[in-house]
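Each chain is listed here by its residues.
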Amino acid sequence: LRVVMIDQGVRLLDGTLQARLDNDRLVLERLAFPARLRAEPKEWRTSEWVNTNPDAKGGSLVVTGDWNLFESRGIIDVVLHRFPILQRADRYAMMTGDLRLDAALPDIAITGKLTADAGWFDLDMLGGIPTVDSDVVVIRPGEEQEVSVPLGISLDLEVDLGPRFYLTGYGLNSGLV
């Protein structure tokens, strides 16, 4: 299997799928993609770690779960190990961790913990100061606002950017602590 979204930097190549139907359930026994370095990170520290460190090799993305076709509900588990989830000329991210998508449509709960094994984001590629899209509503503590949405999405993610995540551009050459 192959899933490629070049403009987003997503390259899932050489995938394998094991799935079966069990009455009204689709059982995803294993959807797996090996880590493939397809775009060279331009940031020198990230490039050096990815290309020379043995710990940067042998990564994978593995998805398992099941989906009830008639009830539109299911659970999907995603395990990443040293997997380059983002590979672009201006940004790169190799991640390790676990995610769980628990869906009972129209509600979806996403939970998990991810760590950046290596990463880089070039701020110069933004072309200006970032802004929030008009369809994003920011609610500050103490404010109450009822918003009607077609999907109820809850997100409880812990993301550790680790010691090898760098920001460059606009004269900045920095890591995050």
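Located above this text is the structure these notes cover.
Residues numbered from 1 in each chain as written. Predicted model: local features only at pLDDT ≥ 70, side-chain atom pairs only at ≥ 80, totals over all residues. Heavy atoms only, no water.

Concerning helix H1 (residues 44-52)
Okay, step 1: Taken as a whole, H1 has its buried residues at Thr-46, Ser-47, Trp-49 and Val-50. Along the axis of H1, the buried residues cluster in a sector spanning 165 degrees; they form a single face. Residues of H1 that are exposed and angled more than 90 degrees away from the buried face: Trp-44 and Thr-52.
Okay, step 2: Residues of H1 that are buried sit in contact with strand S6 (73-87), strand S7 (91-104), strand S8 (107-122) and strand S10 (165-169). (Buried < 20%, exposed > 50% of the residue type's maximum accessible area, 1.4 Å probe, protein only. Helix = DSSP H or I, 4+ residues; strand = E, 2+ residues; numbered from the N terminus. Arc of directions from axis to C-beta. Contact = heavy atoms within 4.5 Å.)

Topic: the side chain of Asp-122
Okay, step 1: Inspection of the secondary structure assignment puts Asp-122 in strand S8.
Okay, step 2: Although Asp-122 is buried, it makes no salt bridge; Lys-42 carries the closest opposite charge, 7.6 Å away. (Lys, Arg positive; Asp, Glu negative; His and termini not counted. Salt bridge = Lys/Arg side-chain N within 4 Å of Asp/Glu carboxyl O.)

Quick look at the layout of surface pockets
Okay, step 1: Here the largest pocket is characterised by a volume of approximately 160 Å³.
Okay, step 2: Forming the boundary of the largest pocket are 14 residues, of which Leu-12, Leu-61, Leu-80, Phe-83 and Ile-85 lie nearest the centre.
Okay, step 3: Broken down by secondary-structure element, the contributors of at least two residues to the lining of the largest pocket are strand S1 (3-5), strand S2 (10-12), S6 and S7.
Okay, step 4: The greatest single-element share of the lining of the largest pocket, amounting to five residues, is contributed by S6.
Okay, step 5: Residue composition of the lining of the largest pocket, by class: 13 nonpolar, no polar and one charged. (1 Å grid on protein atoms, 1.4 Å probe; cavity = no way out; pocket = protein on both sides within 12 Å on 5 of 7 lines; lining within 4 Å. Points joined across faces, edges and corners; volume = space filled by probe spheres on them. Nonpolar A, V, L, I, M, F, W, Y, C, P; charged D, E, K, R; others polar.)

Side note on the packing of aromatic side chains
Okay, step 1: The full count for this structure, using the stated rule, is zero aromatic pairs.
Okay, step 2: Here the basic side chain of Arg-45 rests over the ring of Tyr-166, its NZ or CZ set 3.9 Å away from the ring centre. (Phe/Tyr/Trp six-rings, centres within 6.5 Å; stacked < 30°, edge-to-face > 60°. Lys NZ or Arg CZ within 6 Å of the ring centre and 35° of its normal.)

Things to note about the pattern of salt bridges
Okay, step 1: A complete count under the given rule lists nine salt bridges for this structure.
Okay, step 2: Between Asp-66 and Arg-25 there is a salt bridge; the shortest N-O distance is 3.5 Å. Taken together, the residues span a long stretch of sequence, with Asp-66 in strand S5 (residues 60-68) and Arg-25 in strand S4 (residues 25-34) at a distance of 41 residues.
Okay, step 3: Between Glu-158 and Lys-113 there is a salt bridge, and its shortest N-O distance comes to 3.9 Å. One end of the pair, Glu-158, is in strand S9 (residues 152-160); the other, Lys-113, is in strand S8, with 45 residues separating them in the sequence.
Okay, step 4: Taking relative accessible area as the criterion, Glu-158 reaches 46% and is therefore assigned partly exposed.

Considerations on the environment of Trp-49
Okay, step 1: With respect to the helices and strands, the residue Trp-49 is situated in helix H1.
Okay, step 2: Trp-49 gets classed as buried once you look at its relative accessible area, which sits at 11%.
Okay, step 3: Spatially, the C-alpha atoms of Trp-49 and Ala-118 are 7.6 Å apart, while their sequence positions differ by 69 residues.
Okay, step 4: Not counting the four nearest positions on each side in its chain, Trp-49 is found in contact with Asp-55, Ala-56, Arg-82, Met-94, Asp-117, Ala-118 and Arg-164.

A word on the environment of Phe-83
Okay, step 1: Structurally, the position occupied by Phe-83 is in strand S6.
Okay, step 2: A residue is classified by how much of its surface remains accessible, and Phe-83, at 2% relative accessible area, is buried.
Okay, step 3: Sequence separation between Phe-83 and Asp-117 is 34 residues, and the spatial gap between their C-alpha atoms is 8.7 Å.
Okay, step 4: Residues within four places of Phe-83 in sequence aside, it is in contact with Leu-12, Phe-33, Pro-34, Ala-35, Ser-60, Leu-61, Ala-93, Met-94 and Met-95.

Focus on the pairing of S4
Okay, step 1: Note that strand S3 (residues 16-22) and S4 share seven bridges and pair antiparallel. In the sheet register, Leu-17 faces S4, and the bridge partner there is Leu-31.
Okay, step 2: Adjacent in sequence and paired antiparallel, S3 and S4 are bridged by two residues, among which Asn-23 carries a positive phi angle near 60 degrees.
Okay, step 3: Where S4 lies against S5, eight bridges are found, and the strand directions are antiparallel. Among the inter-strand pairings, Arg-25 is bridged to a residue of S5, identified as Asn-68. (Pairing = 2+ DSSP bridges.)

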